[in-house]
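# Examination of the molecular architecture
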Amino acid sequence: MGQPSRFEFDMDWLVDDDLLTLHKWHRVTGGGLPFPVLIRIGKARDERPFVSGLIVGDGEPVEVTPDTLRTIRIGAILAQLFEGFDPTRPPRWEADLADQVAWGLMYEQVWRPAPVVDAGAGRGPTDGDLQRFAQVYQRERVRNPRRAMAATAEALNISVATAHRRATLCRERRYLPPK
């Protein structure tokens, strides 16, 4: 069984109807979708992006049934949308203009870095360790929201239990937003 085809995103698509609000909508096609969908990305209090709006079809009416909704793989759409996105590493100016624009839109619409707060010294990880943990964890929350803690632990070569303890410390010191 082959890999499903990839989604295509139109990042500049705006819904021009006051009833639907004037927030940014993204048109998604391909990736096994039998029809285009429009999604709006929101941001949870813990900085994790999520789909905050969904419009099924684009110009043609599509009957919304449980089967129709099952064909829209929200997790796969989000995973691909944020694939390779690293808010701390914008593309070089020599890079393709489309890559620069895509990174800028993603940064502007979804990403907001955690505030840097100076914390007192003590036993355990240093402030630098916790700040690095917060950066990696937030990046992984964007890239892979369902297994962000495990991915962070893997990236930092620490156990998942240690990652959970560090996340708690980061929230206490405001390196991460509250749950």
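Residues numbered from 1 in each chain as written. Predicted model: local features only at pLDDT ≥ 70, side-chain atom pairs only at ≥ 80, totals over all residues. Heavy atoms only, no water.

As paired elements, strand β1 (residues 7-10) and strand β2 (residues 26-30) share 4 bridges and run antiparallel to each other. What sits directly across from Asp 10, in β2, is Arg 27. Where β2 meets strand β3 (residues 37-43), 3 bridges bridge the pair, whose relative direction is antiparallel. Directly across from His 26, in β3, lies its bridge partner Ile 39. If you look at the hairpin formed by β2 and β3, you'll find 6 residues sitting between the two strands, and Gly 31 has a positive phi there, around 60 degrees. (Pairing = 2+ DSSP bridges. Helix = DSSP H or I, 4+ residues; strand = E, 2+ residues; numbered from the N terminus.)

We now examine the pattern of salt bridges. Under the definition given, this model contains 4 salt bridges. Arg 70 serves as the salt-bridge partner of Asp 67, at 2.5 Å between the closest nitrogen and oxygen. Residue Asp 67 and its partner Arg 70 are both found in helix α1 (residues 66-70); the two are separated by 3 residues, about one turn of the helix. For the pair Asp 67 and Arg 70, one class covers both residues: exposed. Arg 173 serves as the salt-bridge partner of Asp 127, at 3.0 Å between the closest nitrogen and oxygen. Residue Asp 127 is located in helix α4 (residues 127-143), and its partner Arg 173 is located in the segment after α6 (160-172); the two are separated by 46 residues in the primary sequence. (Salt bridge = Lys/Arg side-chain N within 4 Å of Asp/Glu carboxyl O. Buried < 20%, exposed > 50% of the residue type's maximum accessible area, 1.4 Å probe, protein only.)

Turning our attention to the nonpolar core. Taken as a class, soluble globular proteins show a tendency for nonpolar side chains to be buried jointly. Grouped together as the largest cluster of nonpolar side chains are 15 residues, with contacts concentrated most on Val 28, Val 37, Ile 72 and Phe 82. Looking at this core, the elements that each hand over two or more residues are β3 and α2 (74-81). Sequence-distant contacts of Val 37, defined by excluding residues within four places in its chain, comprise His 26, Arg 27, Val 28, Leu 54, Ile 55, Val 56, Gly 57 and Ile 72. Leu 130, Ala 153, Cys 170 and Leu 176 belong to the second-largest nonpolar core, a separate cluster that totals 12 residues. (Core = buried A, V, L, I, M, F, W, Y, C linked by side-chain atoms within 4.5 Å. Contact = heavy atoms within 4.5 Å.)

Here we come to the packing of helix α5 (residues 148-156) against α6. One can describe the packing of α5 onto α6 by two numbers: an axis separation of 9 Å at closest approach and a directional angle of 105 degrees. Considering their axes alone, α5 and α6 lie roughly perpendicular with respect to each other. Two secondary-structure elements touch here, α5 through Met 149, Ala 150 and Ala 153 and α6 through Val 160, Ala 163, His 164 and Ala 167. Residues that form the contact of α5 with α6 fall into these classes: 6 nonpolar, 1 polar and no charged. (Axes fitted to C-alpha atoms, helices over the stretch in contact; angles between N-to-C directions. Parallel < 35°, antiparallel > 145°, perpendicular 65-115°, else oblique. Nonpolar A, V, L, I, M, F, W, Y, C, P; charged D, E, K, R; others polar.)

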